[in-house]
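Observations on chain architecture
Single-letter residue listing:
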Amino acid sequence: MLEIIKQPWPWYVAGALIGLTVPALLLLGNKHFGISANLRHACAACFPANISFFKYNWKKEVWNFFFAGGILLGAFIATQYLSTPAPVQVNANLLAELKNYGITDHSTLLPKELFSWESLFTVRGFISLVVGGFLVGFGTRYAGGCTSGHAIMGISTLQVPSIIATVSFMVGGFLMANVILPYILSL
Amino acid sequence: MNPQDRVSETEVLMPTDFEVRSLDTNCINESQLQHKWYHNLKYAVAGIVFGIVLTKAEIISWFRIQEMFRLQSFHMYGVIGTAVVVGMLSVWLIKRFKVKTIYGEEIVFHPKKFNKGQIIGGLIFGLGWALTGACPGPLFAQIGAGFLVILVVLASAVAGTWVYGFFRDKLPH
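Residues numbered from 1 in each chain as written. Chains lettered and ligands numbered in written order. Predicted model: local features only at pLDDT ≥ 70, side-chain atom pairs only at ≥ 80, totals over all residues. Heavy atoms only, no water.

As annotated in an unreviewed UniProt entry, chain A carries the name Transmembrane protein and is attributed to Flavisolibacter tropicus. In UniProt, chain A has this text filed under Sequence similarities (unreviewed entry): "Belongs to the TsuA/YedE (TC 9.B.102) family." UniProt, in the comment section headed Subcellular location (unreviewed entry), describes chain A in these words: "Cell inner membrane". (UniProt positions renumbered as here; feature names shortened; annotations may be inferred.)

As structure tokens, this is what we get:
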């Protein structure tokens with residue numbers, strides 16, 4: 001049994017469990033699944049700077065920090081105790097493409113050549129980590145949610161704005177991965 | 001329901017900025033209950049399960065995200081598709097049978113309003129998603145999985161959220 005758990009899980013298992021997060025949070029206390037909101041709560045708690053967007057009672061949303069902390073701990077448990085050291089299976093075409101940019105490491109879930117402290121001081125590493133993170137934070141708040149809030153919670157409750165947002169996420173992702181990213185990785 | 005769970009009168013009368021909150025965050029629950037802090041631990045448990053799933057299904061992997069946007073793997077589409085179907089069914093059942101929370105409160109849903117932000121912001125987030133290989137949930141999971149450099153990405157994401165808040169009134173919505 002433990003051997004099965006230690007293998008990467010198939011999409012239908014993961015998808016079902018992620019889907020069940022929606023009713024779990026609703027039943028536990030009427031909470032709407034959505035993670036990017038806690039970035040806003042972090043601003044409200046630490047740097048409100050008299051901006052009206054950050055002036056609200058963030059303490060009422062403190063559950064979201066507990067949820068995020070749980071995610072962090074869960075990933076730690078999964079990595080430390082429920083994983084095998086086998087390299088990550090990556091599509092052969094993608095591996096070949098990445099090799100052109102000097103990215104060959106797939107021993108862990110993120111390639112070391114891009115996601116390490118050393119890479120932070122390279123141009124492409126800085127763009128991937130710092131600019132990428134900024135786009136995630138700015139974009140999710142502007143859109144009013146992220147993959148959890150819009151794609152999963154929003155579509156589960158049949159919200160048309162969430163479908164529009166999800167399509168926009170995908171368009172942005174396709175554009176980056178296929179058109180812009182090759183230039184960034186060449187830097 | 002315990003009487004001490006009832007919220008104090010001042011709390012009820014405190015005005016809440018529904019407009020700002022309904023527009024911008026999904027957490028618009030206005031529970032009438034007040035609990036001790038440790039009641040939040042149940043959300044941490046939900047988070048732990050969610051974090052294990054994100055990691056075990058490799059959703060936090062930059063490679064999986066690249067494969068998704070290059071149409072080289074069905075994995076992410078399968079995950080998101082299944083999650084949406086299961087979520088939809090759950091919400092339907094909750095509405096159909098008027099299921100209550102574990103505290104006996106009615107479960108409420110809030111309709112979202114369309115604004116241009118969902119398109120413009122959505123595109124911007126999509127660019128960041130493919131670049132970092134992570135959306136906000138996986139960011140926390142990547143840190144827990146030992147990629148401490150992702151703390152920089154998270155800090156940058158908080159900065160991005162702050163900058164949005166700062167320029168919010170000048171941006172098209």
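There is more to say, and it comes next.
Here we take up the domain arrangement of chain A. Residues and elements named next belong to chain A. Taken domain by domain, chain A holds domain 1 (1-83) and domain 2 (88-187). For domain 1 versus domain 2, the separation of C-alpha centres amounts to 19 Å. Contact with domain 1, which involves 12 residues of that partner, is made by nine residues of domain 2. Interface of domain 1 and domain 2: buried area, both sides summed, is about 800 Å²; carbon and sulfur atoms make up 76% of it. If you sort the residues of domain 1 by the area they bury against domain 2, Val 22, Phe 33 and Ser 36 come out on top, with a joint share of 52%. For the pair domain 1 and domain 2, the number of links is zero salt bridges. Taken together, domain 1 and domain 2 are joined by two residue pairs in polar contact (both at pLDDT 80 or more). (Domains from an automatic or database assignment. Contact = heavy atoms within 4.5 Å. Buried area = accessible area lost by both parts, 1.4 Å probe. Salt bridge = Lys/Arg side-chain N within 4 Å of Asp/Glu carboxyl O. Polar contact = N/O pair within 3.5 Å; in protein donor to acceptor, adjacent residues only side chain to side chain.)

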